[in-house]
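This is what each chain is made of:
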Amino acid sequence: MNVIKTDVLDVYILEPKVFGDHRGWFMESWSKKDMEQAGLSYDFVQDNHSFSAVKGTLRGLHFQKGDAAQAKLVRCCKGAVLDVAVDMREGSPTYKKWVSVELSAENKRQLLIPRGFLHGFVTLTDDVEFLYKADNLYSPENDRGIRWNDPEIGVDWGVENPIVSEKDSQSPMLKDSDIDFQYQG
């Protein structure tokens, strides 16, 4: 697995080794051993799978508050997305900075996002299936979001009028949220 640093501290692009022949291909999508050799240690406890039918569907920006915070390993197994992670760890050298990466079934890239980040994606194709591992169980009472188009964050989603859920369209702006992540160094 190739581990690539991004411009945002502690967020990594993972490129798996893909072995193919006339029958198709094989890859390891996660190896705890390989990650620990790269200095990254995560204990994922939940897998999630979503489907978005229409190009331009935006999901985010989401996070889990407090002790329910989640690190995620995300990938797109059908279609393509622009995936976004925003550093919300106060005191971090990259606080409020975001990174976007195209993840697709074709490029097989994954994004490793630690706790303390907002996460979201917009679909670049129809019929997108998106998978992610989380290192903490989902907690409905700690489920939060920040408005996808908050100018204080300024994510460039590459779409003018995305399809957004009612919940995401009513998420608070960052200045009105109860987000309280701290950078641990």
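Throughout, a residue's number is its position along its own chain's written sequence, starting from 1. In keeping with the model being predicted, local features are shown solely for residues with a pLDDT of at least 70 and side-chain atom pairs are shown and tallied solely at 80 or more, while totals for entire chains, interfaces and linings include all residues. Note that water and hydrogens are dropped before the side-chain values are worked out from all heavy atoms of the structure.

(A) Fine view of the overall build of the chain. Scanning the chain from N- to C-terminus turns up two helices and 14 strands. Atoms considered for the radius of gyration are the C-alpha atoms alone. The globule rule reads 2.2 Å times the number of residues to the power 0.38. A compact globule built from 185 residues would reach a C-alpha radius of gyration of about 16 Å, and the chain, at 16 Å, matches this within 12%. On the principal axes, the C-alpha backbone points of the chain span a range of 55 × 40 × 30 Å. Burial here depends on accessible area, computed with a 1.4 Å probe over protein chains only, as a share of the maximum for the residue type. Under 20% is buried, over 50% is exposed, and the range in between is partly exposed. Going through the 185 residues of the chain one by one, you find that 45% of them count as buried. Secondary structure follows DSSP: runs of H or I at least 4 residues long count as helices, runs of E at least 2 residues long count as strands, and numbering of each begins at the N terminus.

(B) Examining empty space enclosed by the protein more closely. Only protein atoms enter the calculation, which uses a 1 Å grid: trapped sets of points that fit a 1.4 Å probe without letting it out are cavities, open sets showing protein on both sides within 12 Å along at least five of seven lines are pockets, and any residue with an atom within 4 Å of a point is a lining residue. Grid points are joined across faces, edges and corners, and a volume is the space filled by probe spheres set on the points. Within the structure shown, the criterion is met by one cavity of 30 Å³ or more. Of the volumes computed, that of the largest cavity is approximately 70 Å³. Lining the largest cavity are 14 residues, with His62, Phe63, Gln70, Lys72 and Phe117 positioned closest to its centre. Of all the elements in the fold, those that place two or more residues in the lining of the largest cavity are strand S6 (57-64) and strand S11 (117-123). Under the scheme applied, nonpolar residues are Ala, Val, Leu, Ile, Met, Phe, Trp, Tyr, Cys and Pro; charged residues are Asp, Glu, Lys and Arg; polar residues are all the others, including Gly. Per-class residue counts for the lining of the largest cavity are eight nonpolar, five polar and one charged.

(C) Spatial organisation of the pairing of strand S1 (residues 2-5). Pairing geometry for S1 and strand S2 (residues 12-15), over four bridges, is antiparallel. Across the sheet, Lys5 pairs through a bridge with Tyr12, a residue of S2. Pairs of strands are assigned from DSSP output, requiring at least two bridges between the strands.

(D) A look at the layout of surface pockets. In this structure, the largest pocket spans a volume of roughly 400 Å³. Along the walls of the largest pocket sit 20 residues, with Arg59, His62, Lys72, Tyr132 and Asp143 positioned nearest its centre. For the lining of the largest pocket, the secondary structure elements donating two or more residues are strand S5 (46-52), S6, S11 and helix H2 (166-169). With five residues, S6 is the largest single contributor of residues to the lining of the largest pocket. Its residues assigned to classes, the lining of the largest pocket shows five nonpolar, ten polar and five charged. In this structure, the second largest pocket spans a volume of roughly 320 Å³. Split into classes, the residues belonging to the lining of the second largest pocket amount to four nonpolar, five polar and five charged.

(E) Region of the structure containing the environment of Val155. Mapped onto the elements, Val155 comes out in the loop between strand S13 (143-145) and strand S14 (163-164). The buried category is assigned to Val155, whose relative accessible area is 13%. Between the alpha carbons of Val155 and Val99 there is a distance of 8.6 Å; along the sequence they are 56 residues apart.

(F) Here's a closer look at the sheet that holds strand S12 (residues 128-134). Ordered in space as S1-S2-S10-S7-S12-S5, the six strands form an open sheet in which the pairing is antiparallel. Strands with a single pairing partner mark the edges of an open sheet, and in this sheet they are S1 and S5. On average, adjacent strands in this sheet sit at an angle of 25° to one another, irrespective of strand direction. The sheet contact formed by S2 and strand S10 (residues 110-113) spans three bridges and is antiparallel. Counted as the bridge partner of Tyr12 is Leu112 from S10. For helices, the fitted axis covers only the stretch in contact; all axes are lines through C-alpha atoms, and the angles between them, taken along N-to-C directions, range from 0 to 180 degrees.

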